[in-house]
Amino acid sequence: LEPKEEFEHKSLAVDVMRPRRSDPALAVLTQEGMTVAEAEALVESTRYSGFPVVVSQESQRLVGFVLRRDLLISIDHTPMDITVDIFRKLGLRQRLLGIITKKDILKHMAQMANRDPDSILFN
Ligand code: ADP
């Protein structure tokens, strides 16, 4: 993705952001009240490359982001409270609205150029 390349059309993050209204809710980890078993179930029931970490489901305050592979490793080797402590140290406290991956942007760019977004080849 070329960061300096300008969109021909004015695009808003909200147009690219997932999940869409019809999609399942964002798959998040919570800093409070989530057991290792629940985190494990979340990883196993989804295929996302990563999960935002929020303070609680109610607040949706963003604390950090954990990659699927790092979460799998920490479930195997590290007590969850250490993982949570790492997120806390990141110190982010923004309300989470959604997620945009690099592929989401590439697909959106293809759509803007009137091309089939699924025809885009990714490596
Ligand atoms: P990619 O977009 O590179 O395929 P993912 O497999 O992680 O990356 O994401 C697939 C789709 O799901 C994307 O549209 C992305 O915005 C969305 N997504 C990514 N992570 C999550 C999540 N934790 N919860 C809900 N949707 C997500």
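Everything discussed here concerns the structure shown above.
Please read these numbers as outputs of a predicted model, since none were measured by experiment.

Trainee: Explain the overall build of the protein here, please?
Mentor: Along the backbone of the protein there are five helices and four strands. When the elements of the protein are put in sequence order from the N terminus, they spell out α-β-α-β-β-α-α-β-α. Burial status across the protein gives 30% buried among its 123 residues. Of the contacts formed within the protein by residues at least 6 apart in sequence, a portion of 58% connects residues at least 24 apart. Looking at the protein as shown, the accessible area adds up to about 8900 Å², and 54% of this sits on carbon and sulfur atoms.

Trainee: Sorry if this is basic, but what is going on with the site of the ligand here?
Mentor: In the vicinity of the ligand, the contacting residues are Arg18, Leu26, Ala27, Tyr48, Ser49, Gly50, Phe51, Pro52, Ile99, Thr101, Lys103 and Asp104. At 2.4 Å, a side-chain N or O of aspartate 104 approaches an oxygen atom of the ligand. Contact with the protein chains hides 79% of the accessible area of the ligand, taken as 540 Å² for the molecule alone. For the shell around the ligand, the elements supplying multiple residues, two or more each, are strand S2 (50–54) and helix H5 (102–112). Element by element, the count of residues in the shell around the ligand is highest for S2, at three residues. In terms of residue class, the shell around the ligand is built from six nonpolar, three polar and three charged.

Parameters at a glance
- Residues numbered from 1 in each chain as written.
- Predicted model: local features only at pLDDT ≥ 70, side-chain atom pairs only at ≥ 80, totals over all residues.
- Heavy atoms only, no water.
- Helix = DSSP H or I, 4+ residues; strand = E, 2+ residues; numbered from the N terminus.
- Buried < 20%, exposed > 50% of the residue type's maximum accessible area, 1.4 Å probe, protein only.
- Contact = heavy atoms within 4.5 Å.
- Areas by Shrake-Rupley, 256 points an atom, 1.4 Å probe, with all protein chains shown as cover.
- Near = heavy atom within 4 Å.
- Polar contact = N/O pair within 3.5 Å; in protein donor to acceptor, adjacent residues only side chain to side chain.
- Nonpolar A, V, L, I, M, F, W, Y, C, P; charged D, E, K, R; others polar.

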